[in-house]
Protein chains: 2
Amino acid sequence: MPLNKYIQDGDNQDLTNERFKATFDTEHLATVYHGGEEKLKKLRHIRNEITKRGHLFDSIPSAHRTRAEKIEDVSRKLKNLMETVSDFADVTDNLDMVAIIRDVMGVDGFPLALHTLMFVPTLQNQADDEQIEEWLMEAIQGKIIGTYAQTELGHGTNLSAIETTATFDKSTDEFVIHTPTTTATKWWPGGLGTSCTHVVLVANLIIDLKNYGLHPFFVPIRDRNTYLPLSGISVGDIGSKMGVNCVDNGFLAFVNYRIPRRNMLMKHSKVSKDGSYTAPPHPKAAYTTMLYVRSELILHQSCYLAMAMAISIRYSAVRRQGEIKAGTQEVQILDYQTQQYRLFPGLARVFAYVTAAATVSAMTESCIKDLSHGNSDVLADLHALSCGLKAVVTHQASQSIDQARQACGGHGYSDASYLPSLYTSSVGACTYEGENMVMLLQLARYLMKAATKKDEGAALTPLVAYLGGKSDQISTGNDKFAKLLSHFEHIARRRVMHAYRQMIEEEQHGVERDYAFANHSVDWAKAARAHTKLFIANGFAARVQTISDDAVRDVFTTLVELYLCYELMEMAADLTADGYLSEADVQQLRVQIYESLKKIRPNAVSIVDSFDLCDRELRSVLGRRDGHVYENLYKWAQLSPLNQKNLPHVEKYLKPMTSKL
Amino acid sequence: MPLNKYIQDGDNQDLTNERFKATFDTEHLATVYHGGEEKLKKLRHIRNEITKRGHLFDSIPSAHRTRAEKIEDVSRKLKNLMETVSDFADVTDNLDMVAIIRDVMGVDGFPLALHTLMFVPTLQNQADDEQIEEWLMEAIQGKIIGTYAQTELGHGTNLSAIETTATFDKSTDEFVIHTPTTTATKWWPGGLGTSCTHVVLVANLIIDLKNYGLHPFFVPIRDRNTYLPLSGISVGDIGSKMGVNCVDNGFLAFVNYRIPRRNMLMKHSKVSKDGSYTAPPHPKAAYTTMLYVRSELILHQSCYLAMAMAISIRYSAVRRQGEIKAGTQEVQILDYQTQQYRLFPGLARVFAYVTAAATVSAMTESCIKDLSHGNSDVLADLHALSCGLKAVVTHQASQSIDQARQACGGHGYSDASYLPSLYTSSVGACTYEGENMVMLLQLARYLMKAATKKDEGAALTPLVAYLGGKSDQISTGNDKFAKLLSHFEHIARRRVMHAYRQMIEEEQHGVERDYAFANHSVDWAKAARAHTKLFIANGFAARVQTISDDAVRDVFTTLVELYLCYELMEMAADLTADGYLSEADVQQLRVQIYESLKKIRPNAVSIVDSFDLCDRELRSVLGRRDGHVYENLYKWAQLSPLNQKNLPHVEKYLKPMTSKL
């Protein structure tokens, strides 16, 4: 029995040969990747159940459809899914649901994505018991469909600028919702365009002319029978986007629209009939949803990247192009060092990000537990970290995906590869849920405080303790990775303290701190990235110790080595500028990268096989398990709607030019 | 009269304020950017003529259409254009035509793009007089529509692997065209999908069982009256792609399909009736078309980048978000150092690439002249350089465009910004016309030869003369940029010689050169990039001297400074690893970047105004000259086809869930 469990008769021979080279059991790596045997087993059970249900499949590849047809298709699958999913999965298990949605819907979204991801959880977390009783079950059953309406046309990440108002009218016991300007129009919420009957609206609560700040309201917007907008409401779709076009992102504006007082979500804050306001017991409770969404987001990104790697690495084993020595056979493009250099660091990042997501998710759970006991000590650390991770992971994942796409040459540009969808979905996350630059600067402000503490000799929390270390001593620990990790610390410390000192110097020349910070924000953003990369690197390196299977641990160790050396080389100027490392040291890092590439090469296909993604999930002709790429590209192309007869542009414009009749 | 000539009453006030800050006359910079007064005047004349012709416009933004509708729309405009263009433009002037096509068609292409760019020029350059007489006029008039069919499903940049055959049959005086395998199917040619009646086919010429290599053939593929494929031909569209979806890229396969002998293009090579073959007089003549296409491509990229910069910088002046100091007014996002750092290096690159394109275009013209006199001395230098420029410019331009897109936050993700189209069009060029990594390695082989010459003490041609210089002497020339340029030389020399020495060392251990080269191809690719950046930097810096207007020269100087320092900092590890620069030197470069950003800030909007792009060309709600972004985003959204009533997904799937009836 070969170690790679994905070999089948009749597969492309190059791919089979690759699989026979595996030095580890793919079942063991799959178990590590998916977080344990139980989880992997459950995932496979779910997949098998979906396989039995033809009504959950695409009849033709989505790329051949118009946007409206795509949305119709995902809605069909969604309805079928809602009717049957509880037969084969635990709908309260988030990981199950994410896996099902990815399998059935793909990465271009669906109209109820925000209903599932934001609307229902917000009701669960922010509605009081009576409200939950009234609304939650209908929401879970899809009898009411909602989204989360926060962002406005003129206002994104800076929530304090939101303009929409909910003014309490004591006389009728109602809130009057109003959109005072064009820029106050709610803009972007997914599903709002055509699909929602309700929204959770984030608006300024006004009582007796006093603004109590942003609060969530449960607001019906469309008639559930006719889907027409309710009176006083203007709502619609905002049009096509770079990607994720199966989501109908929408706009929403109100003209003095009235809802009952009890439509404010009142678990935390309350407004009583007489207009008296009760503040929430712990004002930072809302942060935890954000933390939860961000750790989800990192997991999604690692999955998009895993898909891109599976597609590109399999195709690179199938594709032969060019000769290393003229007159010899064309080689598998995976044999080129340049191709390995484009792909394998992305492969290593998949595991790094999966590890980071798991760590942050565990930290978030424990933080929420602490919070419920009134302890918010780690909240600031964790919030700052989640900002940095969001920014670094989305940026790097999208970059690695586009490299994977380009590494497939022309066919990577075709929608048949599915790589364009993976890229556009991934890169979208650089902007949503907190624009990346804003995220980095939020982390930077936390680092600024930490640097100040260090300067003052105050105690540092564990995540920033390295700031108190020294840069001139290279670790001599026995741990294989200790030296490399100390380089990460050196860079992070150097960048944070550099930005800090620049800022302090300006302050000493009379510039206010906020402006001094702004004047060095590029340096601060770089510092925030370095801090985040240190966190990822530490976690990834530590993960190795937890792997019991020797062969898998060997592979994992090589991936960690590649990851560490590659990321360090990307920041090499920070290692040599101050003489911390010599030219020979840097050359050593470079050589170690090339050695790692060579070591990974024979296992590359087996590593991506271990992501255990089936062809239906991958949606990619290039990434097929069987490697039969070319004949299936041909079949895929035949389905293009342009292959119909009597196309309008030919009939109306081209034929009249060319016709000899 | 203000210096910025784009101010109009009623514009967004922030944008007007920006324009009043201009320190230079926008007419003067526009003249420099467009290569002279005459060219600018001509361009404006053309634009005015297009403005008069409503049938050349889009009736609704293309983003709201399906792919088939988009193609119908561009075909309509194309037909109108072909009928009227000679009334107002010189159809033989390539720059005119490019400007017209960009204005009327946008960047997503049109079915006859390859007809214009490749098919007609190939006939002009490779058909003999009799063939030109027979075919060219019909091609120019669009009575025959063609494309260039070279790439095959299984074979891209490595032309030597192309499988399609054209076998001479003496008995009938015909060629028999055949597609021997699935992988030999022609794949990707633009316009082939649905629009072409003919192709120039690149196939192996076989006479009496001997393969004479690749030659071009003029091959009819569809009936000009019915548009049905001719017998023996299988042809169709290959489906949707990441971008450029108004081009119908296609596939094409032949089963023993016969064409007359005289359908081989015979300007250079010939086959006579008796099967005797005449080789071309100078075998490298075909290179010149490639050189021409690549210098065009660099120009297109600079234009895409200019459009992205115009959109993003104008929007950054209109958009206010966040406060630098809490409690103060929200600031224009262009005021953030991080935003400037994301955008202004891209702005500088626009001018750097325009300059590089002009230089290479002039070099190509002179090279073609030399070739016609039998002198091919500079061909190797120029060919290598064009490979590097193609790779570096397409990569950096697409990266800068995506940064510009992300710098617009959520709205940059909307097709209303036009930035997604600019990105997907730009990044496509990383792959077509020679995959970038292959391009870099072609340049690297040339650099390897140059390094060998240097090692042997032989003379070096001007473009690589720097390899013979020394790295330990920082230039002390008086020229403002001399020192910075010497840093570029240092990096390029260091990277080339490092890759070379690594390779030689392996050779000395018995590894064959081809394999030793392959084992260090990542280092070679880095060397090729550094060589290319040196060329761009030298040309850009030299351009300053040619500008007569003081105020424009000042602006230009700052852009060059930013460009040089930014690109150097991107490669800073190569400046410090060997102690060539000290930490203080590098810090000085960094500070110079931030100073340049500050200097550019007040002129930023006026600089992009000087690209003289009208709103119709920009196709971007965010980039509107008048800055009225929000109300027009709202208008744009109303046109989304999802804002129709009775959408299928709502009627079939959502209403049945939500309805209370």
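Residues numbered from 1 in each chain as written. Chains lettered and ligands numbered in written order. Predicted model: local features only at pLDDT ≥ 70, side-chain atom pairs only at ≥ 80, totals over all residues. Heavy atoms only, no water.

- An unreviewed UniProt entry annotates chain A as Acyl-coenzyme A oxidase of Caenorhabditis japonica.
- The UniProt entry for chain A carries the following text under Sequence similarities (unreviewed entry): "Belongs to the acyl-CoA oxidase family." (UniProt positions renumbered as here; feature names shortened; annotations may be inferred.)

**Digging into the sheet that holds strand S4 (residues 186-187) of chain B**
All names here are of chain B.
Then step 1. Pairing is antiparallel in the open sheet, where three strands are placed in the order S4-S8-S7. Two strands bound the open sheet, and with one partner strand each, they are S4 and strand S7 (233-237).
Then step 2. Here two bridges tie S4 to strand S8 (residues 250-254), and the two strands are oriented antiparallel to one another. The residue of S8 that forms the bridge with Trp187 is Phe251. (Pairing = 2+ DSSP bridges. Helix = DSSP H or I, 4+ residues; strand = E, 2+ residues; numbered from the N terminus.)

**Some thoughts on the UniProt feature "binding site: FAD" (unreviewed entry) in chain A**
All names here are of chain A.
Then step 1. Per the UniProt record, the feature "binding site: FAD" (unreviewed entry) sits at Thr151 and Gly190. Spatially, the listed residues are clustered: although they cover 40 residues, their C-alpha atoms lie within 11.0 Å of one another.
Then step 2. Summarising the element assignment, Thr151 is placed in the loop between strand S1 (146-149) and strand S2 (165-169).
Then step 3. Inspection of the secondary structure puts Gly190 in the loop between strand S4 (186-187) and strand S5 (198-207).
Then step 4. Judged by its relative accessible area of 5%, Gly190 falls in the buried class. (Buried < 20%, exposed > 50% of the residue type's maximum accessible area, 1.4 Å probe, protein only.)

**Re the sheet that holds strand S7 (residues 233-237) of chain A**
Then step 1. On the basis of which strands lie adjacent, the open sheet formed by three strands has the order S4-S8-S7 (chain A) and antiparallel pairing. Pairing within the sheet leaves two strands with one partner each, and these edge strands are S4 and S7 of chain A.

**A word on the relation of the copies chain B and chain A**
The two chain copies are connected by a rotation around an axis plus a translation along it.
Then step 1. Expressed as a screw operation, the relation of chain B to chain A combines 0.0 Å of axial shift with a rotation of 180°, fitting to an RMSD of 0.0 Å. A rotation of that kind, with that shift, is consistent with a two-fold axis. Among all C-alpha atoms of chain B, that of B:Ala573 lies closest to the rotation axis, at 2.0 Å.
Then step 2. Taken as a fraction of all interface residues of chain B, those also at the interface in chain A reach 100%, which identifies the copy contact as same-surface. (Least-squares fit on C-alpha atoms with pLDDT ≥ 70 in both. Contact = heavy atoms within 4.5 Å.)

**Considering the pattern of salt bridges**
Then step 1. One pass over the full model with this rule turns up 99 salt bridges over all chains.
Then step 2. The salt bridge involving A:Lys652 is made with B:Glu72; its shortest N-O contact spans 2.5 Å. Of this pair, A:Lys652 sits in helix H22 (residues 648-658) while B:Glu72 is found in helix H4 (residues 67-88), placing the two residues in two different chains.
Then step 3. Across the pair B:Arg314 and B:Asp609 runs a salt bridge, and its minimum N-O distance is 2.8 Å. Residue B:Arg314 is located in helix H8 (residues 285-318), and its partner B:Asp609 is located in helix H19 (residues 604-609); the two are separated by 295 residues in the primary sequence.
Then step 4. For B:Asp609, a relative accessible area of 0% puts it in the buried group.
Then step 5. Each of the salt bridges in this network shares a partner with another, and the network as a whole consists of A:Glu27, A:Arg44, A:Arg47, A:Arg102, A:Asp612 and A:Glu617. (Salt bridge = Lys/Arg side-chain N within 4 Å of Asp/Glu carboxyl O.)

**Quick word on the domain arrangement of chain A**
Residue and element names in this part refer to chain A.
Then step 1. Assigned domains of chain A: these are domain 1 (34-110), domain 2 (121-281) and domain 3 (287-459 + 482-607).
Then step 2. Computed from C-alpha coordinates alone, the two centres of domain 1 and domain 3 are separated by 29 Å.
Then step 3. Taken residue by residue, the interface counts eight residues in domain 1 and twelve residues in domain 3.
Then step 4. Buried surface at the junction of domain 1 and domain 3, both sides included, amounts to about 740 Å², of which 56% is carbon and sulfur.
Then step 5. Its largest share of buried area at the contact with domain 3, domain 1 owes to Asn94, Arg102 and Val107, together 58% of the area lost on that side.
Then step 6. Remark: the boundary between domain 1 and domain 3 carries zero salt bridges.
Then step 7. In this assembly, domain 1 and domain 3 are joined by three residue pairs in polar contact (both at pLDDT 80 or more).
Then step 8. Class assignment for the residues of the side of domain 1 that touches domain 3 results in four nonpolar, two polar and two charged. (Domains from an automatic or database assignment. Buried area = accessible area lost by both parts, 1.4 Å probe. Polar contact = N/O pair within 3.5 Å; in protein donor to acceptor, adjacent residues only side chain to side chain. Nonpolar A, V, L, I, M, F, W, Y, C, P; charged D, E, K, R; others polar.)

**Comments concerning the interface of chain B and chain A**
Then step 1. Taken residue by residue, the interface counts 133 residues in chain B and 133 residues in chain A.
Then step 2. Taken together, the two surfaces of chain B and chain A that pack against each other cover about 11000 Å², and 58% of this comes from carbon and sulfur.
Then step 3. On the chain B side of the interface with chain A, the three residues burying the most area are B:Met242, B:Tyr413 and B:Met657, jointly 7% of the side's total.
Then step 4. Summed over the shared surface of chain B and chain A, the result is eight salt bridges.
Then step 5. The partner of A:Arg342 in a salt bridge is B:Glu435, with the nearest N and O atoms 2.9 Å apart.
Then step 6. Put simply, chain B and chain A have 60 residue pairs in polar contact (both at pLDDT 80 or more) between them.
Then step 7. Here the residues of the side of chain B that touches chain A are counted per class, giving 48 nonpolar, 53 polar and 32 charged.

**A short note on the side chain of B:Asp73**
All names here are of chain B.
Then step 1. As for its placement among the helices and strands, Asp73 is situated in helix H4.
Then step 2. Relative accessible area serves as the criterion here: at 10%, Asp73 is assigned to the buried category.
Then step 3. Non-local contacts of Asp73, meaning those with residues more than four positions away in its chain, are made with Asp58, Ser59 and Arg65.

**Structural notes on the pairing of strand S3 (residues 174-178) of chain B**
Residues and elements named next belong to chain B.
Then step 1. Pairing analysis gives five bridges linking strand S2 (residues 165-169) to S3, with the strands arranged antiparallel. Its bridge partner being in S3, Phe168 is matched across the sheet by Phe175.
Then step 2. The turn linking S2 back onto S3 is made up of four residues, and Asp173 within it adopts a positive phi angle of 60°.
Then step 3. Across four bridges, the pairing between S3 and strand S9 (residues 257-260) is antiparallel. Within the sheet, the bridge partner assigned to Ile177 lies in S9 and is Tyr257.

**Some details on the state of the cysteines**
Then step 1. For the coordinates displayed, the defined rule picks out zero disulfides over all chains.
Then step 2. Free of any disulfide, A:Cys408 has its nearest neighbouring cysteine sulfur in B:Cys430, separated by 14 Å.
Then step 3. Not part of a disulfide, B:Cys303 finds its nearest cysteine sulfur in B:Cys614, a span of 11 Å. (Disulfide = S-S within 2.5 Å.)

**With respect to the UniProt feature "domain: Acyl-CoA oxidase C-alpha1" (unreviewed entry) in chain A**
Then step 1. The sites that carry the UniProt feature "domain: Acyl-CoA oxidase C-alpha1" (unreviewed entry) are, in the present numbering, residues 287-448 of chain A.
Then step 2. Spanning residues 287-448 of chain A, this segment combines 74% helix with 0% strand, and its end C-alpha atoms are found 21 Å apart.

**Side note on the packing of helix H13 (residues 482-508) of chain B against helix H16 (residues 550-570) of chain B**
All names here are of chain B.
Then step 1. Where H13 contacts H16, the two axes come as close as 10 Å, and the packing angle between them is 30°. It follows from the interaxial angle that H13 and H16 lie roughly parallel. Helix-helix and strand crossings are classified by hand; for H13 and H16 the assignment is left-handed. Judged by residue contacts, Leu484, Leu485, His487, Phe488 and Ile491 of H13 engage Leu564, Cys565, Glu567 and Leu568 from H16.
Then step 2. Of the residues in the contact of H13 with H16, the class split is seven nonpolar, one polar and one charged. (Axes fitted to C-alpha atoms, helices over the stretch in contact; angles between N-to-C directions. Parallel < 35°, antiparallel > 145°, perpendicular 65-115°, else oblique. Left-handed = near helix turned anticlockwise from the far one by under 90°.)

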